[in-house]
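Topology and contacts: notes
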Amino acid sequence: MAEAAFSEDGKYYSAITQDGRLKIWDTETNLIKNEYTPDLHLSSPPSCLQWISASQSTVSPQKGSRRKSISEETYYIALGTNTGKILIYSVAQNKIETVLSNETTQSGINTLDWHRKYGLYSCNKENQIYEWDLNSSSVRYKYNVNVDSKSKHGNNVSAIKIVPHMHHTQARYIVAASYQVRVWRLHYGEATVVKNLGHNAAPTALLSIAVLNDVCWLIEGSQNERLLSFWDVTVSEDLVPQQNGDEAPYKKQRRKSISKSPVTSNTPTYNFVLEDAPKIIDVDLKEDEGAMRLRLAAATRSGVVHYYGHMLNGSSTKPIKPSVTIQITSDDARPLPLQCCRLTATDLLIGYTDPPVLLFERVTPVLTSKTQIIIRETKKKQKQTDNVNKTRSDESKVVTYVEPMGGVVRKRATPGDKVEVPMEARLANLALDVKSRGKSAVSQNLTKLLMQGLHSKDKNIILTVLQNDDPAVAKRTVSNLPADYVPLLLEQLADMATRKTSQCSAVSTWLSAVVRNHSALLLATMGTRASDHLTHLLAMFTHRRSHLCQLLNLKGRLHLTISQRSTDTLQAEQDPVLAYKDTSSDEEMEAEAYASESEASWGDDKFDSEQEVPGEDESEGD
């Protein structure tokens, strides 16, 4: 079931929306060319689509023999509906030109396929394939490709693909993917299985055909599997019915196909592994110096595109990994999911979503690395679809009033001119409560101030912002900084890191915020000026860290020395434990007086003794 597809030349891309509308984008201008809503989209929305191209020859307006026939390609889109009808939509005239219907059945259309040589084929929910005649808007042949099986898997055909061949026969060959992938031969109303690929397909299969010379290859995948199988579905001579056995389409009841075992059964030549289930695939084969070069692109549900470049040489049982994985991200490191891809002659056409628009771009896969990250600047919303007047502010903080769009229109128009707004509405915009302001406004102001300083190289403005050593403020400010100013900020941080320690501390905070918020940008710009600044900062921090131990040792010795000197000073200024003081003059006088009295007493005693001695002598004489 194909709900989105590119045109044959890749100029247009069409998709069926969830509400049943058909949108067609011009891949060269990134604008919506047409938008069509079926009348019965609520009861019978489109279920699948298929591009159809027709060549129309016109005569040039020149006169005489100079008139030339000019061939122009006219594009149509076949829309299969749930009621069994097929709507042929003209891209040039933006309307339905033909409705193909079959009165015998009202079963919904599951899948469509068209080939310039074989025409338009459809398959409904009853596993009935119809071959349509676009000139008469009628069914040419009807084929039954239902196979009875006791398998628990569903038996509904989810995708068909026409297999081209070079044989001169009226038989047609179609790959039908149900619970198994089979190759059917359609010949005058009879369907016969000629090849069973021996692979179980999911209810939503993806098929793509690539032809080179007489070899035909099939890429088969599923929206529930992370694997693409590469099969050889070349129609050999033993699969072609005999010319004498061809039955004429005479009037009789068409025989139903009889279930029988496949004629051939093989294994896939190659298997390609994916990161996630594919959404859309495209394959291209070219002859390169006698060998076949394969180019394969697959857009996955995870929003990336896998590109494979491989030389077809024999077979391989080991799954082949992508040559490169392409991712799209915004300047603020926000992933932009890839929706579609298509191979061109030299490069790759991709389509990614930058809400609410779908953008297309041609890229050249870089096979030197496994992952290719492309950074694109996000575009501001230029339109508002609300009935209330909206204000739009730019970098200069100028408030402008835009005329309301009124409603959704099919062809997008540019916003209207400025209109007069009542004074009450203008005053309402100026009535701001300072206390109710959040942190986002502050971070926006700091971001604008930092951008102004980096642009003018004003050191005062830059230091005013970068000297704020708050991690939360640094994170909010750097997250809103555009990618163009990141190298300039790294240059200023490298200059500040060579200065005093207080500035180096703030540099660490801001550099951490830059690495956290712009890591994808820094990885994608390795080898540029930004990486040189990072190398300089890394060398500087490494150099500072190498001297950290020596500085700590010196700090410890200085602290010990200073503490010892302060201890000696305190000991010199302390009070003594024991203090000795000399005697005063009064105490000397008292001491002398005490000494004189003692001498006097000693003198009197001597005098008495001297007087007593003669008496004794006299008594002895007597």
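Scroll up to find the structure.
Cut-offs applied
- Residues numbered from 1 in each chain as written.
- Predicted model: local features only at pLDDT ≥ 70, side-chain atom pairs only at ≥ 80, totals over all residues.
- Heavy atoms only, no water.
- Buried < 20%, exposed > 50% of the residue type's maximum accessible area, 1.4 Å probe, protein only.
- Helix = DSSP H or I, 4+ residues; strand = E, 2+ residues; numbered from the N terminus.
- 1 Å grid on protein atoms, 1.4 Å probe; cavity = no way out; pocket = protein on both sides within 12 Å on 5 of 7 lines; lining within 4 Å.
- Points joined across faces, edges and corners; volume = space filled by probe spheres on them.
- Nonpolar A, V, L, I, M, F, W, Y, C, P; charged D, E, K, R; others polar.
- Salt bridge = Lys/Arg side-chain N within 4 Å of Asp/Glu carboxyl O.
- Pairing = 2+ DSSP bridges.

Take helix α5 (residues 486-496) next. The element α5 is extensively covered by neighbouring structure, given that eight of its 11 residues are classed as buried. By the burial criterion, the buried members of α5 are Val 486, Pro 487, Leu 489, Leu 490, Gln 492, Leu 493, Ala 494 and Met 496.

One simple way to see leftover space: roll a probe sized like a water molecule over the atoms. Tallying each qualifying case throughout the model produces three cavities of 30 Å³ or more. Taken as a whole, the largest cavity spans an internal volume of roughly 60 Å³. As for the largest cavity, its lining consists of Asn 127, Val 145, Asn 146, Val 147, Asn 155, Val 157, Ala 176, Ser 178, Gln 180, Arg 182 and Trp 184. Considered class by class, the residues forming the lining of the largest cavity number five nonpolar, five polar and one charged.

It is worth spelling out the pattern of salt bridges at this point. Scanning the model with the defined rule gives 13 salt bridges in all. Among the ionic pairs, Arg 301 bridges to Asp 276, the shortest N-O distance being 3.4 Å. Residue Arg 301 is located in the loop between β23 (291-300) and β24 (305-312), and its partner Asp 276 is located in the loop between β21 (270-273) and β22 (278-288); the two are separated by 25 residues in the primary sequence. With a shortest N-O distance of 2.9 Å, Asp 288 and Arg 293 are connected by a salt bridge. For Arg 293, a relative accessible area of 35% translates into the label partly exposed. One salt-bridge network, held together by shared partners, links Asp 19, Arg 21 and Glu 35.

Pro 355 connects to Pro 356 through a cis peptide bond whose omega is 5°. Within the secondary structure, Pro 356 is located in the loop between β27 (348-354) and β28 (357-363). At Tyr 188, a residue that is not glycine, the phi angle is positive and equals roughly 55°. Here Tyr 188 shows up in the loop between β15 (181-187) and β16 (190-196). For Tyr 188, a relative accessible area of 28% corresponds to the partly exposed category. Positive phi values are uncommon outside glycine, yet Ala 333 reaches one of about 65°.

Burial analysis of β28 places five of its seven residues in the buried class, which makes it a mostly covered element. Sheet topology note: the β27/β28 ladder contains seven bridges and is antiparallel. What sits directly across from Asp 354, in β28, is Val 357. What sits between β27 and β28 in their antiparallel hairpin is a turn of two residues.

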